[in-house]
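Each chain, letter by letter, is given below.
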Amino acid sequence: MKIDHLSSFNFGAVDLDPALFLETAASRLAAGGRALAYFALPEGTAHRLVMAVGFDRESRVEVYSALFTGPLRALTPSFPQLHLFEREIWEQSGLKPEGHPWLKPIRFNTPGAVPGVADYFTVHGSQVHEVAVGPVHAGVIEPGHFRFQCHGERVFHLEIMLGYQHRGVEKRFIGGPDKRSLHYAETLAGDTTAGHAWAYCGAVEALSGVNVPPRAQALRGVMLELERLANHTGDLGALAGDVAYLPTASFCGRLRGDFLNMTALVCGNRFGRSMFKPGGAAFDLDDALLKELLLRLERTYRDVENAVSLLWDTGSVCDRFESTGTVSKEAAEGLGLVGPAARASGVGLDTRRNFPYGPYENFTLSVSGSGDVYSRAYVRWLEIQKSVELVRGWLENLPAGPVEAACGQLRPDSAAISLIEGWRGQICHFAVTGPDGKLRHYKVVDPSFHNWQGLAMALRGGEISDFPLCNKSFNLSYCGRDL
Amino acid sequence: MIKALIARFRQGYRTMEFPSADIKLPARYLGLPKLKSLKLEAAAAACAYGAISAGANPALDLGRCVFCGACAQAAPEAVEFTQDYRLCASARQNLMITESDFKRAETLGADLRRIFGRSFRLRQVSAGGCAACEADCNVLQTIGWDLGRFGVQFVASPRHADGILVTGPVTRNMELALRKTYFAVSSPKVVIACGACAISGGPYAGHEECVGIPEDIPVDLYIPGCPPHPLTILDAILRLIGRIP
Ligand code: SF4
């Protein structure tokens, strides 16, 4: 059934019978749909499977559901983009997707599961060897286990086993919204506080039917774009560092902090904590702050431009970036990649354009088509320019009026989908209420959930020594995926 | 090359002085809280993390606080946040803020200070959490902060480290890895719990998926915050090794 994102819909109306559900899901995905979310929701002793499908070009979202008691037919063999979703369904509900080629745990949170212990793919043959890395890595970075099947330097296959960051956030939304819900959303992935907080607020607002005032929308836009600016700038610096080009690495390390400090100027916290609240924004900007922010924006942007331009002019950098870790457009589409990683492979998806929300109007997206590290870096640079333009526009013409509207009770027996373009890509929150108007189920899909497999593909056929560079070019979230 | 040199010149010298009286934090930053009154009922009711206890032993537990500011908003007559970023403590109970002064961490004993005071290597262990603490540790290694000038460095191997800095609520899935890392560091060694999660579970306190830092890994330094500001982390580490009196 077609629904609008960011507005509530009657959850009962999307019910189908199980066979029809699977058939419909397959035909919609075959028609070019992309799975936004696919999960199992407990209902008595059975489970309701719910799938949200997005048609990017038509800005269309459809939702289907069906009650299942026994095993189901896996759709992964035809639609690889579902592989992690179906593994998650199996792990969370016990419903077994029959015929899934890769059925193994993803978060190791069931009784008896031991993190990292699963059936790994192995390649056999003379001189084939296996390299295992993690969960504790060399840098100050989140934990995860990576297994490479190699022949000499060449990587045949990389398997990424995560779950170490699983702290059980998702299910704590159930029964809410309560005093802790917002902070849970803000810490789903700490570097995406604005993105996830907005997605959460969007879902709650849709369910309560409140209209967020334009000034609050613009302020939210400022926060989200500052988050993107900080992270993209930091990533470009880190990419430079990984190919031992220290000027840009050093400059961008500092400049990332300048964007974070601008965020702190707005709400007191460098990651944007406490800024979002259902119904609007917690902090307003007066003229003095607006002026200060504009001044810093211009100053910082000039330095970013200077630091980043060095990358494209330096042969040794371009040589390492070009043709490294290539993900083809077909692979990106097949795996349902999102965000800069998808746009770098030529996929025309940006939530701000395809599923506009809040203050975004007539947004034009940035793509850069070759799918290699260079493209993933260059797309970030294009997006930095776009974000600066947006923030400047909002700061110069901040709509007048209140920054908050009262957010009332949630509509009972309803659901809402909220899509936000975080800096890593599309964030999807799917909220379902029960008869009492409390959250009965809450599903979070971080962009990293889609994109980790993209990293594995980038390594295929490449050299193992390119792993750090490829990894940085995706810079995915472990905690956002592990929840 | 010439372009890189010009850029280097343009970008200027950016390493901040530390410690320094000129450090300016944004006006809305929430630092060390102060109790203005011991009538904490309203503030305690506003706190979603059980950080404030009212009644017989009124106190605010910095180890649980995520610095959301809800208490000060609900009860401005009782709780106020200052701009003081120096928040570390060397004993868990010193994180309990009451009316009397906050007892900041003191340095390591003379012996340890002699060993670690001029060269201190840490292995960071990320164990759950949201990775914001990790980001603010990473920032200390950028040119703006230049952690290395104090002789402090994050290293890749626990075998090269003088201690570990733990972030996150220690998920069940990371408990073993944390233990192995800790026991791979040779003695004498130091343990730092960085952020509300590592200290008390933070926003994830009470989740059965999280176990906290096990008791056989004794913590020497607590750095509160969600996440702690890089200034807070830097101040805490330097205080511990006796670089700040
Ligand atoms: S600022 Fe700290 S003490 Fe106050 S309400 Fe928030 S978590 Fe509780």
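Further up the page is the structure itself.
Let me begin by describing the structure that accompanies this report. Every chain begins its residue count from 1, and numbering advances along the sequence as written. All chains are assigned letters beginning with A, and all ligands numbers beginning with 1, in the order in which they are written. A pLDDT threshold of at least 70 governs which residues receive local features in this predicted model, and a stricter bar of 80 or more applies before side-chain atom pairs are shown or counted, although totals over entire chains, interfaces and linings include all residues. Only hydrogens and water are set aside when side-chain values are computed; all heavy atoms of the structure are taken into account.

### What about the overall build of chain B?
Right, on to step 1. Counting its secondary structure elements, chain B contains eight helices and ten strands.
Right, on to step 2. Relative to the globule expectation of 18 Å for 245 residues, the C-alpha radius of gyration of chain B, 19 Å, shows essentially globular dimensions.
Right, on to step 3. For chain B, the spread of C-alpha atoms along the three principal axes comes to 65 × 45 × 35 Å.
Right, on to step 4. Burial here depends on accessible area, computed with a 1.4 Å probe over protein chains only, as a share of the maximum for the residue type. Under 20% is buried, over 50% is exposed, and the range in between is partly exposed. For chain B, the proportion of its 245 residues judged to be buried stands at 58%. Only DSSP runs of H or I with at least four residues qualify as helices, and only runs of E with at least two residues qualify as strands; both kinds are numbered from the N terminus onward. Radius of gyration means the value over C-alpha atoms here, while the globule rule gives 2.2 Å times the residue count to the 0.38 power.

### What about the packing of aromatic side chains?
Right, on to step 1. Working definition: a ring pair exists when centres of Phe, Tyr or Trp rings (six-membered ring for Trp) sit within 6.5 Å. Plane angles under 30 degrees give stacked, over 60 give edge-to-face, the rest tilted. For the structure shown, the criterion picks out 30 aromatic pairs over all chains.
Right, on to step 2. Relative to F276(A), the ring of W198(A) has its centre 5.9 Å away and its plane inclined at 40°; by these criteria the two rings are tilted. Taken together, the residues W198(A) in helix α4 (residues 193-208) and F276(A) in strand β12 (residues 276-277) connect sequence positions 78 residues apart. An identical accessibility class is assigned to W198(A) and F276(A); each is buried.
Right, on to step 3. For the pair W312(A) and Y378(A), a centre-to-centre distance of 5.0 Å together with 70° between the ring planes defines the contact as edge-to-face. Residue W312(A) is located in helix α7 (residues 287-313), and its partner Y378(A) is located in helix α12 (residues 373-396); the two are separated by 66 residues in the primary sequence.
Right, on to step 4. Taking relative accessible area as the criterion, Y378(A) reaches 27% and is therefore assigned partly exposed.
Right, on to step 5. One aromatic cluster is present, built from ring pairs that chain together W198(A), F276(A), Y357(A), Y360(A), F363(A) and W394(A).
Right, on to step 6. In this scheme, Lys NZ or Arg CZ marks a charge over a ring once it lies within 6 Å of the ring centre and within 35 degrees of the ring normal. Over the ring of W102(A) we find K104(A), and its NZ or CZ is 5.2 Å from the ring centre.
Right, on to step 7. The ring of Y182(B) has K189(B) lying over it, and the distance from NZ or CZ to the ring centre is 4.0 Å.

### Thoughts on the side chain of S375(A)
Right, on to step 1. Here S375(A) shows up in helix α12.
Right, on to step 2. Residues count as neighbours in contact if any of their non-hydrogen atoms are within 4.5 Å of one another. If sequence neighbours within four positions are ignored, S375(A) has contacts with A344(A), S368(A), G369(A) and S370(A).

### What to know about the packing of α4(A) against helix α5 (residues 214-242) of chain A
For any two helices packed against each other, the geometry comes down to the angle between their axes and how far apart the axes lie.
All names here are of chain A.
Right, on to step 1. A fitted line through C-alpha atoms serves as each axis, taken over the contacting stretch for helices, and the angle formed by two N-to-C directions is quoted from 0 to 180°. Put simply, α4 and α5 touch, their axes get as near as 8 Å, and they point 150° apart. Here T193, A194, G195, W198, C201 and E205 of α4 lie close against α5, whose contacting residues are Q217, R220, G221, M223, L224 and E227.
Right, on to step 2. Three residue categories are used. Nonpolar comprises Ala, Val, Leu, Ile, Met, Phe, Trp, Tyr, Cys and Pro, charged comprises Asp, Glu, Lys and Arg, and polar comprises the others, including Gly. Residues that form the contact of α4 with α5 fall into these classes: five nonpolar, four polar and three charged.

### Digging into the sheet that holds strand β3 (residues 59-61) of chain B
Right, on to step 1. On the basis of which strands lie adjacent, the open sheet formed by three strands has the order β2-β3-β5 (chain B) and antiparallel pairing. Each end of this open sheet is capped by a strand with a single partner; those strands are β2 (52-53) and β5 (96-97) of chain B. Note: two strands are recorded as paired if DSSP finds a minimum of 2 bridges between them.

### Observations concerning the sheet that holds strand β11 (residues 154-161) of chain A
Residues and elements named next belong to chain A.
Right, on to step 1. Read from one edge of the open sheet, three strands run β9-β10-β11, paired in antiparallel fashion. Of all strands in the sheet, those with a lone pairing partner are β9 (128-133) and β11, marking the two edges. With direction set aside, neighbouring strand axes in the sheet form an average angle of 20°.
Right, on to step 2. Across six bridges, the pairing between β9 and strand β10 (residues 145-151) is antiparallel. The residue of β10 that forms the bridge with E130 is Q149.
Right, on to step 3. Its contacts with the sheet put helix α13 (residues 447-459) on β10 and β11, and the angle it makes with β11 is roughly 165°.

### Details of the pattern of salt bridges
All names here are of chain A.
Right, on to step 1. In what follows, salt bridge is the name for a side-chain nitrogen of Lys or Arg lying within 4 Å of a carboxyl oxygen of Asp or Glu. In this structure the tally under the stated criterion is 47 salt bridges over all chains.
Right, on to step 2. When the shortest N-O distance is used, the salt bridge between R481 and D482 registers 2.9 Å. In terms of burial, R481 and D482 fall into one category: buried.

### Points about the nonpolar core
Right, on to step 1. We define the nonpolar core as a collection of buried residues of types Ala, Val, Leu, Ile, Met, Phe, Trp, Tyr and Cys that are connected through side-chain atoms lying within 4.5 Å of one another. If you look at the biggest cluster of nonpolar residues, it comprises 168 residues, and the most contacted ones within it are Y38(A), I417(A) and F430(A).
Right, on to step 2. Each domain's limits were defined by an automated method or a database of domain assignments. Taken together, domain 1 (2-98) and domain 2 (176-445) of chain A each give at least three residues to this core, which thus spans both.

### A look at helix α1 (residues 2-11) of chain B
Right, on to step 1. Of all the positions in α1(B), only A4(B), A7(B) and Q11(B) are classed as buried. Around the axis of α1(B), the buried residues are gathered within 60° of arc, so they sit on the same side. Facing away from the buried side of α1(B), by more than 90 degrees, are the exposed residues I2(B) and F9(B).
Right, on to step 2. Check the buried side of α1(B) and you find it contacts α6 (246-267) and α7 of chain A. Think of the arc as the fan of directions from the helix axis to the C-beta atoms.

No statement about biological role is implied by the geometric values presented.
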